[in-house]
Amino acid sequence: MFIYLSKKIAIPNHINLKCVSWNKDQGFIACGGDDGLLRVVKLDSQTDDARLKGLAAPSNLSMNQGLDGHSGAVQVVTWNEQYEKLTTSDQNGLIIVWMLYKGAWYEEMINNRNKSVVRSMSWNADGQKICIVYEDGAVIVGSVDGNRIWGKELKGNQLAHVAWSPDSKILLFGMANGEVQIYDNQGNFIMKMTISCLTNTTGAVSIAGIHWYAGTGGYVEPDCPCLAICFDNGRCQIMRYENDDNPVFIDTMMNVVSIQWNHCGSVLAVAGCLRTANMEKELNVVQFYTPFGAHLRTLKVPGKQMTGVSWEGGGLRIALAVDAYIYFANIRPDYKWGYCCSTVVYAYTKPERQEYCVVFWDTKNNEKFVKYVKSLMSITTSGDFCILASKTDDSQPQEDAEAESGCGNHSRYVLILCNSIGTPLDSKYIDIDPLYVTMTKTHVIAASKEAFYLWQYRVAKKLTALEINQVTRTKKEGRERVYHIDSNPATTSDGGPDFTKAFASTQDPICAITASDQTLIVARESGAIHRYSLPHVGVVQKYTMNNRAYYLSMNCNSSRLAIIDIAGVLTLLDLNVRNSIVDSGNQAAAGDPSKFERKDVWDMKWAKDNPDLFAMMEKTRMYVFRNLDPEEPIQTSGYICNFEDLEIKSVLLDEIMKDPERPNKDNLINFEIRSLRDSRALIEKVGIEDASQFIEDNPHPRLWRLLAEAALQKLDLKTAEQAFVRCKDYQGIEFVKRLGNLQSEPMKQAEVAAYFSRFEEAERMYLDMDRRDLAISLRIKLGDWFRVLQLLKSGSGDSDDALLEQAYNAIGDYFADRQKWVNAVQYYLQGRNQERLAECYYMLEDYDSLERLSNQLPDNHKLLPDIGQMFATVGMCEQAVNAYLKCNQPKAAVDTCVHLNQWNKAVDLARVHNMKEIKSLLSKYTSHLLEKNKILEAVELYRKAHHFLEAAKLMFKIAEEEAKKRARPLRVKKLYVLAGRLVEDYHEQVKTTQQGKAKGKKSEATFALAGLLEEDASTSDNRLVDSAWRGAEAYHFFLLAQRQLYDGYTENAMRTALHLREYEDIIPTVEIYSLLAICACANRAFGTCSQAFIKLESLESLSSEQRQAYEDLALEIFTKHTPKDNRPLDMMDMDVISEGGEGKAPTCIVTGLPIQNPYWICSVCKHCALEQEMSKHNCCPLCHTLIT
């Protein structure tokens, strides 16, 4: 940062000031002094010139009001910005609250304890509460409306200062003896603050100031120190919070009277006077420090006694109360900013975020890109790229960093290479503190106090042959190198970056660096300047200067170095000594660079295309120097972005930072230097010949281009061509030649108008010449297809159909690029652009129109596969298949069906087109499902693909597994029924296939027989096909027997249970005979029951305990009942019981009884039932087929 005194306001009657306070929001300045002096002033800058903004604008007093009410010396003034109130107190203890009414200040409230004097007052962060402390130890906390909230007497304490914490939960009280005590916001004592900065001090000390920054402008770093406590002996400590055990210590070596943070907590101003040895004359100074204790600047202030300091709300000015004057100093902050590729890159802090917000503002297109960076240290730009230097986040691991830097310890800093929109291209983790960073086309150089680090970065960009040569030469030496400032790089051979030697201390630290493509300059605090060669780092020369450099900059050919020292003095150093000796005569005429000196300089920039041209900022004036000769200054406070083509681009960062989220192009200003302005004036007022002579005497490509353009305007082609040759503009030369070939004067004028981008004028000229074709051609070059369409339609006669279609399609593209698909469709229809139409319909989800388009296209059209893919992506299988088949791609059609699980359609297509892959694909997909144990999905897949037998096999497997798990019998029956139905589907499929193969008229019986023969030939698992319903029958009768038993039909239940004995291979034998025993017992057929128990007791699968339980139960039953049936079964039933032989009668699936009478047969499962029983049912009891 740079600071200089800018203004002085005298207080009437030479009354000495005691305090000053600047309202941060409204800009009022209140100052209090002896004899009841209280005055409120306001500085306003009013100007019509848009360039004169901020500090450069002239400021006048828009308010200068004396406030009467105090009789004694006013000692404390404090603002409440939120409620626009001013609170003041004098030596008699009188407190007055002032309010603003119709542009003037009036008393609102008065209070006087009449006991003691007020030493300090402080409003909390939201302006709701004020804390007032009296010298006698009394504390009063009141609300903004004047009500007292609480009061307290701190016995035995003399109070001197008070401060609120940012969250208003804590109060700090500074005592007259130098103690600081911590209280909560209700007045309860918490603890005494540890004051560590007073160690090794003698004598009485008092607190000069306590200021706790409230965080309203964000923090420069996470966990940044913000509580400053300073003592009159110059010792200061800055803490992160009230009981921080590791504060930052500063010894200012001065007698301090007042301190204050700036608006964003990045700078602490400490005001007082320097302690001199003879004590005859004290020197008033303001010292500026960072929150981490680094000294930034010292401002010397005239006068006898400084009493107060206060920052302006934006941090660009500071007010100082000295004797009977208010001094104002302007501050030029060290913004983190840069300029690359027409992009202004700047960083600022937000209260709600810990990171820096880095904005990449493209000034050409007025677009901005935002990036958040934690602990940002600096922004450096060069060419099209920028480097963001920041501290690494301690929380994240840095294995990559360690691997890159080749050091085992934790890399603490990172350099991020970004392009002009903030995209990171590369990064390097380093261990040295990058306090100073510069970059060239090929290298980034970062320096700490002791060492400098070189990184040869690579980006995907075309390099010149020379640059490629440099890159290849440095490849062997490595892309990264580190040198200690005291070492001699010429004798050092570095294999890689060795950071260990970079931490050795030095007596003469680095203070600034700069570099060009061939030269690196490093300045040291003693005034020594080292010049190294690049890319091979070797010391070329060492220079000695008198002052410590703060900013360095080299001109475009590295012949001169500009140095701004810490006092703001600009000097020049001639690096090209041999040339300067040869050209001594010229130097005498132009001025000796070694004697050049300018004061109060805070920014400068060399021209990119002229080594003798540079611009510099001196206070609020910009000077341009040519050969050390200054032009008349320009009033501005902008930071210089770029100096090229005799134009200076400057950015008003102060204005941008007022609203950094919305940068305005008004804050970007272009200045033309005098030679450009003079040349333009000569051309306009005198003529081209005289101007040509002037430019000949002051040659510059920009001036020649200006002359060429003026000559073109007047169709002076000879002069224009000569000027284009002088500024090496090949396109311009070609254009002049083309103009020379034109015969018509109006045609030339029209071409010139188009050359200067006056397209409307050029078009009008073409149309006046009746050359509509040229007007259309011009608009086509510009891409203005709307106007092309208008011109095509407006002309008489037929327009070119191909051109008309091209225009329609281009306008369609315009709308499609902006995703306005409906508008695009209208133009694509007229332009008959089927490809883009398909895309638009797809984006609009207008699949009906897409289908119509597909149907309209001829066979094998190249667009059909794309349309098929579009339909496939949205699951429209049929339309996709039609599109693929239309372009003769059956394989794609089958793949789509498979993808969309339309397996039956896939199989049909594969059969029609004789494709062999479907079976392998089907088996692959099935095995994939089975691996994941998705058996039911595999069954469904086989069923859809009409592979019924494979599906049935899987269903039988599922049913058997469920039966083993002892699942509910009804569920097992359903699974067996489904398996049976799949087998029936298989039978039907075989039969249908035979019918398809048969030729001529054959009976259905023949087809059935042929089908059965094919089944026998093809089926390897005959048992599964023959006994498809056996499992379903078993569980059907198992359930039926139990249902009959519970319904009380015990005899029928027993008969059904007897029938179950045929299914011992499906239902466990224990369950069958247990059920038979229960049913027989219930039917009092103890003979049958006895046989069931005999069977149960003989089962080998039973354990001895289970067998014993059966024997005990049988004993219990048959001791009471004789093992004989009450009534014998029918003869036929006896046959069934003994053993079911061949030709037995079918069993009714409703009752479980044998059938002898006429019966009903199910059309699907082929099972029988009594007709009278089936009259009560709507579907088959076994397979649940509906009865029609």
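Residues numbered from 1 in each chain as written. Predicted model: local features only at pLDDT ≥ 70, side-chain atom pairs only at ≥ 80, totals over all residues. Heavy atoms only, no water.

### Describing the sheet that holds strand 15 (residues 170-175)
Pairing between the strands of a sheet is mediated by backbone hydrogen bonds and can be parallel or antiparallel. The sheet built from four strands is open, its strands ordered 14-15-16-17 with antiparallel pairing. Only two strands of the sheet have a single neighbouring strand rather than two, namely strand 14 (159-164) and strand 17 (189-192). Geometrically, the sheet is characterised by an average inter-axis angle of 25° between neighbouring strands, direction not taken into account. The pairing of strand 16 (residues 180-184) with strand 17 spans three bridges and is antiparallel. Across the sheet, the residue bridging to tyrosine 183 is phenylalanine 189, located in strand 17. (Pairing = 2+ DSSP bridges. Helix = DSSP H or I, 4+ residues; strand = E, 2+ residues; numbered from the N terminus. Axes fitted to C-alpha atoms, helices over the stretch in contact; angles between N-to-C directions.)

### Focus on the side chain of asparagine 610
Mapped onto the secondary structure, asparagine 610 falls in the loop between strand 49 (601-606) and strand 50 (613-618). According to the relative accessible area criterion, asparagine 610 is buried, its value standing at 13%. Among the polar contacts made by the side chain of asparagine 610, one reaches the main-chain amide nitrogen of aspartate 612 at a distance of 3.0 Å. Apart from the residues within four sequence positions on either side, asparagine 610 is in contact with Cys556 and Arg626. (Buried < 20%, exposed > 50% of the residue type's maximum accessible area, 1.4 Å probe, protein only. Polar contact = N/O pair within 3.5 Å; in protein donor to acceptor, adjacent residues only side chain to side chain. Contact = heavy atoms within 4.5 Å.)

### Quick word on the packing of helix 8 (residues 701-713) against helix 9 (residues 717-726)
One can describe the packing of helix 8 onto helix 9 by two numbers: an axis separation of 8 Å at closest approach and a directional angle of 160°. Looking at the two axes, helix 8 sits roughly antiparallel to helix 9. As helix 8 packs across helix 9, the resulting crossing turns out to be left-handed. Where helix 8 abuts helix 9, its residues Trp704, Leu707, Ala708, Ala711 and Leu712 lie against Leu717, Thr719, Ala720, Ala723, Phe724 and Arg726. In the contact of helix 8 with helix 9, the residues fall into nine nonpolar, one polar and one charged. (Parallel < 35°, antiparallel > 145°, perpendicular 65-115°, else oblique. Left-handed = near helix turned anticlockwise from the far one by under 90°. Nonpolar A, V, L, I, M, F, W, Y, C, P; charged D, E, K, R; others polar.)

### Overview of the packing of aromatic side chains
Overall, the coordinates contain 36 aromatic pairs when judged by the stated rule. When the ring of tryptophan 79 is compared with that of tryptophan 105, the centres are 5.3 Å apart and the planes differ by 65°; the resulting orientation is edge-to-face. You can see tryptophan 79 sitting in strand 6 (residues 74-80) and its partner tryptophan 105 sitting in strand 9 (residues 104-112), a full 26 residues away along the chain. The class for tryptophan 79 is buried, based on a relative accessible area of 5%. You can call tryptophan 105 buried: its relative accessible area is 3%. Relative to tyrosine 827, the ring of phenylalanine 815 has its centre 5.7 Å away and its plane inclined at 20°; by these criteria the two rings are stacked. One end of the pair, phenylalanine 815, is in helix 15 (residues 801-817); the other, tyrosine 827, is in helix 16 (residues 821-831), and twelve residues separate them in sequence. Through a chain of ring-to-ring contacts, three or more aromatic side chains come together here, namely Phe596, Trp606, Phe614, Tyr623 and Phe625. (Phe/Tyr/Trp six-rings, centres within 6.5 Å; stacked < 30°, edge-to-face > 60°.)

### Quick word on helix 33 (residues 1104-1120)
Side chains of residues three or four places apart in an α-helix project in the same direction, reflecting 3.6 residues per turn. Between its first and last C-alpha, helix 33 extends 25 Å over 17 residues, near the 24 Å set by a 1.5 Å rise per residue. Considering only its buried residues, helix 33 is in contact with helix 31 (1069-1082) and helix 32 (1086-1097). (Expected span 1.5 Å × (residues − 1).)

### Thoughts on helix 6 (residues 674-685)
With twelve residues, helix 6 should reach 16 Å at 1.5 Å per residue; the first-to-last C-alpha distance of 16 Å fits that figure. The set of residues buried in helix 6 consists of Ser675, Leu676, Ser679 and Ile683. Looking straight down helix 6, one finds its buried side chains confined to an arc of 100°; they lie on one side. Turned more than 90 degrees off the buried face of helix 6, the exposed positions are Glu684 and Lys685. Residues of helix 6 that are buried in the fold lie against strand 51 (621-626), strand 55 (647-651), strand 56 (668-672), helix 7 (688-697) and helix 8. Glycine 687 occupies a position one or two residues after helix 6 and carries a positive phi of about 145°. (Arc of directions from axis to C-beta.)

### Considerations on the pattern of salt bridges
Under the counting rule described, the total for this entry stands at 45 salt bridges. The partner of aspartate 654 in a salt bridge is arginine 332, with the nearest N and O atoms 2.8 Å apart. Of the two residues, aspartate 654 is situated in helix 5 (residues 653-658) and arginine 332 in strand 28 (residues 325-332); the sequence distance between them amounts to 322 residues. By relative accessible area, aspartate 654 is classed as buried at 3%. Salt-bridge contacts for aspartate 1065 lead to arginine 1030; the nearest nitrogen and oxygen are separated by 2.8 Å. Note that aspartate 1065 is positioned in the loop between helix 30 (1050-1059) and helix 31 and arginine 1030 in helix 29 (residues 1030-1047), a separation of 35 residues in sequence. According to the relative accessible area criterion, arginine 1030 is partly exposed, its value standing at 24%. Within the structure, one salt-bridge network assembled from shared partners comprises Glu760, Glu763, Arg779, Asp784 and Arg787. (Salt bridge = Lys/Arg side-chain N within 4 Å of Asp/Glu carboxyl O.)

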